[in-house]
Amino acid sequence: MQKIALFASGNGTNAQRITEYFKDSTEISVDIILSNNPKAYVLQRAASLQVPTRVFDRREFYDTRSILKLLKEREISFIVLAGFLWLVPDYLLKAYSHRIINIHPALLPKYGGKGMYGIKVHEAVIQSGDKESGITIHYVNDKYDAGEIIFQAKCSVLPGDSPEMLAQKIHFLEYEHFPVIIRKVIMEQTSA
Ligand code: GAR
C-alpha cells in the first residue's frame, strides 16, 4: 500500500475528494491530513472522513524535523498539497524528491508565485482578459508554483464570468483530474 499525506491550509474540498477517491483502493490510501492552520475547515472534513490529522506551526515546520519524523514513522511515500500555502522546506524536498505533488488553479507559468492562491488567481485571470484558464498539477520545488509540470487541463473564461464562477469551473476540473493524476504518478513511480 502506498500511503499519501495530504497537506491543506483551508477549506479542503480537494482533500475530501482525494480521500474519497482512494477509500476503497487496495493500492493507495490517504493516511493523514496535515495543516498549518488550526482553524482550517479541512480538519473537520478529516474528522468526518475518519482520517487522522496533525497541525503544525511555522517554527515546527521550518526549524525542526518532527513532521518528517512523523511521515517516516507512518511510512508515507507521497505528499500531496491540496490548497497548502507555505513553501515546502528543503529537508522535506530532499526526503521526498519527485514525490511531492501540488495543484494550482491556473495555467502555470501564468498566475503563479507568492500570494497567488485561491480567488486571487481567478481575479487576476479575469482582470487580464484571458479567454481560458485551467489547472496545473506539478512537482514541488523550492519556489512557489515553479516545479516540473505533470498535467494541465483548460476551461474557457466567458465574458461576464465572475471570479467565483471561474473558481467553480476550476474546482470541477480539479475534482475530475487531481485524484486520477495522483494515482497515475504513484503507479508509474512504484510499479517499475
Ligand atoms: C484549490 O483551488 C487549489 O488549486 C488552490 O487552492 C484551492 C483549495 O481549495 N491552490 C493554490 O492556490 C496553491 N497556490 P480546497 O481547499 O477547496 O481544496
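Note: the structure precedes this text.
Residues numbered from 1 in each chain as written. Predicted model: local features only at pLDDT ≥ 70, side-chain atom pairs only at ≥ 80, totals over all residues. Heavy atoms only, no water.

**What to know about the packing of aromatic side chains**
For any pair of aromatic rings, the description rests on two quantities: the centre-to-centre distance and the angle between the ring planes. Which entries qualify depends on this criterion: Whether two aromatic rings pair depends on their centres lying within 6.5 Å, for rings of Phe, Tyr and Trp, where Trp uses its six-membered ring; planes under 30 degrees apart make the pair stacked, over 60 edge-to-face, and the rest tilted. Working definition: helices are DSSP H or I runs of at least four residues, strands are E runs of at least two. Numbering for both runs from the N terminus. Here the term buried applies to any residue with accessible area under 20% of the maximum for its type, exposed to any over 50%, and partly exposed to those in between, with areas from a 1.4 Å probe on protein chains only. Here, over-ring charges are defined by two tests on the NZ atom of lysine or the CZ atom of arginine: distance to the ring centre within 6 Å, and angle to the ring normal within 35 degrees.
Summed over all chains, the structure comprises 13 aromatic pairs. Between phenylalanine 172 and tyrosine 175 the ring centres are 6.4 Å apart and the planes differ by 90°, which places this aromatic pair in the edge-to-face class. Residue phenylalanine 172 and its partner tyrosine 175 are located together in helix 7 (residues 163-190), separated by three residues, close to a single helical turn. Judged by its relative accessible area of 54%, phenylalanine 172 falls in the exposed class. An aromatic cluster is built from Phe7, Phe56, Phe61, Tyr62, Phe84 and Trp86, whose rings are joined through pairwise contacts. Looking at arginine 58, its charged tip hangs above the ring of tryptophan 86, at a distance of 4.3 Å from the centre. Its end group placed over the ring of tyrosine 96, lysine 72 keeps NZ or CZ at 4.8 Å from the ring centre.

**Thoughts on the site of the ligand**
This is how it is decided: We call a residue near a given molecule or strand whenever any one of its heavy atoms falls within 4 Å of it. Polar contacts, as counted here, are pairs of nitrogen or oxygen atoms within 3.5 Å of one another; within protein the pair requires one atom able to donate a hydrogen and one able to accept it, and residues that are adjacent in sequence qualify only if both atoms are side-chain atoms. In this description, accessible areas are obtained by the Shrake-Rupley approach with a 1.4 Å probe, and a residue is regarded as covered only by the protein chains that are shown. Throughout, the protein atoms alone are placed on a 1 Å grid, and a set of points is a cavity if a 1.4 Å probe fits but cannot get out or a pocket if it is open with protein on both sides within 12 Å along at least five of seven lines; lining residues have an atom within 4 Å of a point. Put plainly, a molecule is in a cavity or pocket when over half of its atoms are within 2 Å of the grid points there.
The immediate surroundings of the ligand are formed by 14 residues, with Gly12, Thr13, Asn14, His104 and Glu174 found nearest. Take methionine 116: an N or O atom from its main chain is 3.5 Å from a nitrogen atom of the ligand. At a separation of 3.3 Å, an oxygen atom of the ligand approaches a polar side-chain atom of histidine 171. Against a free-state accessible area of 450 Å², the protein chains account for coverage of 91% of the ligand. Of all the cavities here, the one that holds the ligand is the largest pocket. Secondary structure elements with two or more residues in the shell around the ligand: helix 1 (13-21), strand 5 (100-104) and helix 7.

**Observations concerning the side chain of aspartate 145**
Definition in use: Charge counting treats Lys and Arg as positive and Asp and Glu as negative, with His and both chain ends excluded. What counts as a salt bridge is simple: a side-chain nitrogen of Lys or Arg found within 4 Å of a carboxyl oxygen of Asp or Glu. For this analysis, residues touch if any pair of their heavy atoms sits within 4.5 Å.
Within the secondary structure, aspartate 145 is located in the loop between strand 6 (132-139) and strand 7 (149-156). Although aspartate 145 lies buried, it forms no salt bridge, and the closest oppositely charged side chain, lysine 114, sits 11 Å away as judged by the N-O distance. A distance of 3.3 Å separates a polar atom in the side chain of aspartate 145 from a polar atom in the side chain of histidine 104. Apart from the residues within four sequence positions on either side, aspartate 145 is in contact with Asn102, His104, Leu108, Gly112, Gly113, Met116 and His138.

**Observations concerning the layout of surface pockets**
The cut-off we apply is this: Grid points are joined across faces, edges and corners, and a volume is the space filled by probe spheres set on the points. When residues are sorted by character, Ala, Val, Leu, Ile, Met, Phe, Trp, Tyr, Cys and Pro go into the nonpolar class, Asp, Glu, Lys and Arg into the charged class, and all the rest, Gly among them, into the polar class.
Estimates place the volume of the largest pocket at around 760 Å³. For the largest pocket, the lining is made up of 36 residues, of which Gly83, Phe84, Leu85, Tyr117 and Gly118 are closest to its centre. In terms of residue count, helix 7 provides more of the lining of the largest pocket than any other element does, four residues in total. Taken together, the residues that form the lining of the largest pocket break down as 16 nonpolar, 16 polar and four charged.

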